[in-house]
Structure formats: structure tokens, C-alpha cells
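If you want the building blocks of each chain, they are given just below.
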Amino acid sequence: MQSNTTWQPPRSPHGLLQEDLWPDEWKILIACLLHNLTTRKQVDGVIYELFRRWPTPALLETAPVTELEDLLKPLGMWRKRTRTLLRFNREYQEGAWKTAKDLHGCGKYADDCWRIFCVGDWHNVSPQDHALNDYHNYLLSLDNNNISRRKNAKASTMVAAI
């Protein structure tokens, strides 16, 4: 499965970080990795600096390990996070993956985010994360509103034809 270049996830009232990072698949997945066992507030404190210093996979590959560890310290488990990010980044660049869960450090949450924001396969996702679930429900409500409008338009057309 590849990223869908025609899908544009709508902005929601929930303000997920992935909404801000779209359409950059790599940054969306990095955000997912950083969210592991931490809070959005903590991630917000480091993610934009990380992307300022290393805005692309190729540049993150050149990041000095100690500098990356220092940046990630506020998130906790900075050594493990650093190793995870660097291995993920290497695998991402190698391109031998079909879905996000094939990449090191990416579990259900990252795969769900990738399917929703990058692929547009949100109908086939059942998120377990509360914020992602809120966004998914928002998409469902938009979809239901569109279905209702189409049904109403079709009924109006049928009545007009009578």
C-alpha cells in the first residue's frame, strides 16, 4: 500500500499533530514514534526543533547521536528513542516496506495514523488511541453528512421528476 496523493485529510476541531504535519508521511510517522509513552505537550516541546535541525530523512541520518539524545531527553527513554528513530529512519529510506507497521518502532497507532493521513484508508481503521479515535469519528461524521446530502439530493431529483 502506498501513500495516496489524491487524499487530503480534512482539518478537524481536534487539532492532531498529524494534521499539521500532513502531507509529509515521514514527519507524520516520526510524530507517531515520539508519542509512544509520552504526551502531546511533551512531544510539542521537541518535535519542531527536531524538524528544524533535521527536516528530511537524509539529514536525520547525519544527526550526531548525542545531539539527538539531548533533544529527546524531555520525552524520557532518550537512548532507546534515539536508536528507534535512527533505525526507523534507515528502514524508511530503504523503502522495503509496504505499510507503516513494517517499519521499526511503528505499531498499531503509527499504522493507523499512516492509513488515515497518508493513504486515506480510514474506513478500514479502528483506532484505539483516544485522540485518533476522535479524528476517526470526525471523518465518519463528515462521511455520514455527505451520504445524507446525496440521499436528499437524489430524493429531490426523483420528486422533481414526478
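Just above, that's the structure.
Residues numbered from 1 in each chain as written. Predicted model: local features only at pLDDT ≥ 70, side-chain atom pairs only at ≥ 80, totals over all residues. Heavy atoms only, no water.

A. How the structure looks around the overall build of the protein. Counting its secondary structure elements, the protein contains eight helices and zero strands. Across the protein, helices and strands are ordered from the amino to the carboxyl terminus as α-α-α-α-α-α-α-α. Classification of the 162 residues of the protein by burial places 41% in the buried group. For the protein, the computed accessible surface area is about 9,300 Å², with 52% contributed by carbon and sulfur atoms. (Helix = DSSP H or I, 4+ residues; strand = E, 2+ residues; numbered from the N terminus. Buried < 20%, exposed > 50% of the residue type's maximum accessible area, 1.4 Å probe, protein only. Areas by Shrake-Rupley, 256 points an atom, 1.4 Å probe, with all protein chains shown as cover.)

B. Quick peek at helix α3 (residues 40–53). Along its 14 residues, α3 runs 20 Å from first to last C-alpha, staying within 8% of the 20 Å computed at 1.5 Å per residue. Along α3, the sharpest kink reaches roughly 25°, centred on Val46. Among the residues of α3, Val43, Val46, Ile47, Leu50 and Phe51 are the ones counted as buried. As for α3, its buried residues are in contact with α1 (17–21), α2 (25–35), α5 (65–72) and α6 (78–94). (Expected span 1.5 Å × (residues − 1). Bend = angle between axes of the 7 residues up to and from the residue. Contact = heavy atoms within 4.5 Å.)

C. Structural detail: the nonpolar core. Formed by 45 residues in total, the largest nonpolar core has its most connected members in Leu29, Ile30, Leu34, Leu50 and Phe88. Those elements that place two or more of their residues in this core are α1, α2, α3, α5, α6, α7 (108–119) and α8 (130–161). Per element, the largest residue contribution to this core is eight residues, and it comes from α2. Residues within four places of Phe88 in sequence aside, it is in contact with Trp26, Leu29, Ile30, Leu33, Leu103, His104 and Cys106. (Core = buried A, V, L, I, M, F, W, Y, C linked by side-chain atoms within 4.5 Å.)

Nothing here speaks to function; it is all geometry.
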